[in-house]
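# Structural overview for review
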Amino acid sequence: MNIMSAWLPDFVYAEGRFLSDRAIVVDSEGRIVKIIASNEAPNPVRLSGKALLPGLVNAHSHAFQRVIRGRTEERSQHSSDSFWTWREQMYAAANRLEPEDFYNVARMAFLEMALTGITAVGEFHYVHHSQDGTPYSDPNLLAREVIRAARDVGIRIALLRVAYARAGYEKEANPQQVRFIEDSPDTYLKHCEQLLSAPELHDGMAWAGIAPHSVRAVPLPYLKTIVAFANEHELPVHMHVAEQPAEVSACIEEYGRSPVALLDTEGLLSARFTAVHAIHVTPKAIGAIARAGAMVCACPTTERNLGDGIVPVDAYFNAGVRVSLGTDSQAQIDLLEDARELEYHLRLQKMERSILAPRDLFDCATTSGARSIGFGGGRLAPGAPADFFTVDLDDPSLAGSSTDDLLANIVFSLSRSAVRDVVVAGKRIVEDGRHREQEAIIEKFSHR
């Protein structure tokens, strides 16, 4: 027997608007069956004083970087600090972590995500080996620890297994990168195939994708081989693209083309491809991404934290490119803050207001993120996964909102404390603003 449950809030965000007197009916498989009139809902779970929205999808995360939050904000001994000096500090932290540390740090990051309404994450995972660079007997040990962390918190995860072959074009090997390097595409793909066959990736809560780190870290022949594998197996492909001007210059030096031009002319862009960051691009590059049906993932909290630059989201939107969002370095975990930053960065740059619509910004955090990581969520509709969150309509950050301006208030003003319930696959993992394992997760992380 397929036992169904019904969730009855004051408002449901579906079809691009808030609907009143509606209930979400969910089956025992964790899928939405229908959205019905509230008076037709049998024995509903009442969510009085709350609005219910589709779960947020975090398309780009490095969970282990949660461990360095607050520890890279003082000026270092360098004459100037940048992405590149920050990177050395991040590497040092990565090289201290043992497998159980990866689990505890990832679980902490995923707990924070759940508490803010994130129900699925694309984890761009690139630490593979032991601290001296020796492979573990299970080459996916650390990836599986991260997957275990997501499953224990209760959120979905796309494990985007990263290919990393070198320090850069004509660069000496960097000893800080020994945990990342798999210098042969055959080795990388062998390990990917082993991961794809892992039992924990076959129940809809976890799946895998291909993630060449960047053009500086993966030479072209390697890159073409693994993207071909992804296309053959219909896997999502994520890659850091044009995050830094130095990366663009190095690519032009090596290939005579910018990163996007290289990907375009080599036939590597597709509807399964997500260019992460894609900041330092030309109108021609934006057009190439659009023609291929590829996506962009912006990570504005990290991009401003590292001084990367501003993603030209308005130009991407005008070209028809869909943009997702990521929390990336975990300097702050709040995907709606990332959504509002897309708009606020453009306002500062252009000295204008109201450049991007609230609905479009919310789509970045939901439907676009879901598409980016190869997932059918981010929406409330029959057949969709029953992944959603509620907000307290009496929270001070939302008080006084009407149905006409509620979404704008959520996108631009919502406090994280307003998120009260989070449901994944029909199971409530956050209730009244608390996760069932919250104290234990924080305790383990704080005393790791």
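Structural data are supplied above this passage.
Let us look at the structure shown here.

Procedures and definitions
Residues numbered from 1 in each chain as written. Predicted model: local features only at pLDDT ≥ 70, side-chain atom pairs only at ≥ 80, totals over all residues. Heavy atoms only, no water. Helix = DSSP H or I, 4+ residues; strand = E, 2+ residues; numbered from the N terminus. Contact = heavy atoms within 4.5 Å. Phe/Tyr/Trp six-rings, centres within 6.5 Å; stacked < 30°, edge-to-face > 60°. Buried < 20%, exposed > 50% of the residue type's maximum accessible area, 1.4 Å probe, protein only. Lys NZ or Arg CZ within 6 Å of the ring centre and 35° of its normal. Pairing = 2+ DSSP bridges. Right-handed = clockwise from strand over helix to strand, strands pointing away. Core = buried A, V, L, I, M, F, W, Y, C linked by side-chain atoms within 4.5 Å.

### Focus: the environment of Val121
Position of Val121 relative to the elements: it lies in strand β7 (residues 118–125). When near neighbours in sequence (up to four residues on either side) are disregarded, Val121 contacts Asn58, Ser61, Phe110, Met113, Ile155, Arg156, Ile157, Ala158 and Ile373.

### Details of the packing of aromatic side chains
Per the stated rule, a full pass over the model turns up eleven aromatic pairs. Taken together, a centroid distance of 5.8 Å and an interplanar angle of 85 degrees make the contact between Phe64 and Tyr126 edge-to-face. In this pair, Phe64 is assigned in the loop between β6 (56–61) and α1 (83–94) and Tyr126 in the loop between β7 and α3 (141–153), connecting sequence segments 62 residues apart. Considered together, Phe64 and Tyr126 belong to a single accessibility category, that of buried residues. A cation over a ring is seen here: Arg148 above Tyr103, with NZ or CZ 3.6 Å from the ring centre.

### Some thoughts on the pairing of strand β1 (residues 5–14)
Regular strands place side chains that alternate from one sheet face to the opposite one. Where burial is concerned, most of β1 is hidden: seven out of the ten residues are buried. Relative to strand β3 (residues 22–26), β1 runs antiparallel, the two sharing three bridges. Following the sheet pairing, Ser5 is matched in β3 by Val26. As judged from the four bridges shared by β1 and strand β2 (residues 17–20), these two strands associate in the antiparallel manner. Residue Ala14 lies in a different strand from β2, and its bridge partner there is Arg17. Counting the residues that bridge the hairpin from β1 to β2 gives two residues, and of these Glu15 lies at a positive phi of roughly 60 degrees.

### Some words on the pairing of strand β12 (residues 295–298)
Residue alternation in β12 divides its side chains into two sets, Met295 and Cys297 and Val296 and Ala298, and both sets are buried. Two strands pair when backbone bridges link them, and strand β11 (residues 273–277) and β12 are joined in this way by three bridges, in the parallel orientation. The partner of Val276 across the bridge, within β12, is Cys297. With respect to chirality, the unit in which β11 leads through helix α8 (residues 283–292) into the neighbouring parallel β12 is right-handed. The pairing of β12 with strand β13 (residues 323–325) spans three bridges and is parallel. Bridge assignment links Val296 to a residue of β13, and that residue is Val323.

### Examining the nonpolar core
Looking at soluble globular proteins, one finds that nonpolar side chains tend to be buried together. Leu53, Phe110, Ile155, Ile157, Phe273, Tyr316 and Ile410 are the most contacted members of the largest nonpolar core, which totals 140 residues. With eleven residues, the top contributor of residues to this core is helix α2 (residues 99–115). The contact partners of Ile155, leaving out residues within four places of it in the chain, are Phe110, Met113, Ala114, Ile118, Thr119, Val121, Ala150, Met205 and Ile429. Grouped together as the second largest cluster of nonpolar side chains are 13 residues, Trp7, Val12, Val26 and Leu380 included.

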